[in-house]
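# Coordinate analysis (summary)
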Amino acid sequence: METFLLSGGQQTARRNAWAAVVADRQRARDRREAEYEMAALTAGVPGGAARPR
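Quantities reported herein were computed from a predicted structural model and do not represent experimental measurements. (Residues numbered from 1 in each chain as written. Predicted model: local features only at pLDDT ≥ 70, side-chain atom pairs only at ≥ 80, totals over all residues. Heavy atoms only, no water.)

### Re the overall build of the protein chain
When helices and strands are counted, the protein chain shows two helices and zero strands. Buried positions account for 6% of the 53 residues belonging to the protein chain. Accessible surface for the protein chain amounts to roughly 4600 Å². Of this, 58% is attributable to carbon and sulfur atoms. (Helix = DSSP H or I, 4+ residues; strand = E, 2+ residues; numbered from the N terminus. Buried < 20%, exposed > 50% of the residue type's maximum accessible area, 1.4 Å probe, protein only. Areas by Shrake-Rupley, 256 points an atom, 1.4 Å probe, with all protein chains shown as cover.)

### Side note on helix α2 (residues 8-43)
Spanning 36 residues, α2 covers 53 Å between terminal C-alpha atoms, matching the ideal 52 Å at 1.5 Å per step. Those residues of α2 not exposed but buried are Q11, A28 and A40. G44, located one to two residues past α2, shows a positive phi value of around 75 degrees. (Expected span 1.5 Å × (residues − 1).)

### Some thoughts on a nonpolar patch on the surface
A cluster of nonpolar residues, W18, V21 and V22, forms a patch on the protein surface that exposes about 270 Å² of accessible area. Here V21 shows up in helix α2. (Patch = residues over 30% accessible without salt bridge, like charges linked within 9 Å, V, L, I, M, F, W, Y side chains within 5 Å. Salt bridge = Lys/Arg side-chain N within 4 Å of Asp/Glu carboxyl O.)

### Side note on a positive patch on the surface
A surface patch of like charges, here positive, comprises R25, R29, R31 and R32. Mapped onto the elements, R31 comes out in helix α2. (Lys, Arg positive; Asp, Glu negative; His and termini not counted. Charge placed at Lys NZ, Arg CZ, Asp CG, Glu CD.)

Laid out in C-alpha cells, this is it:
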C-alpha cells in the first residue's frame, strides 16, 4: 500500500523518521534506567532500586 501512496524518496524519509523515533525512545528508556541506578547507588540501596514500569 505504501508503494502506491508514496514515491521512493518519501518512503525512505518515512522509514528514516520512524527509525529516529524508535532510537529516541530507546535512548529515553536507557536514560531513565541509568537515573534509577544512579539514584540507588547514591542512596546506598543494596541491589539497586526497584524500577517502576
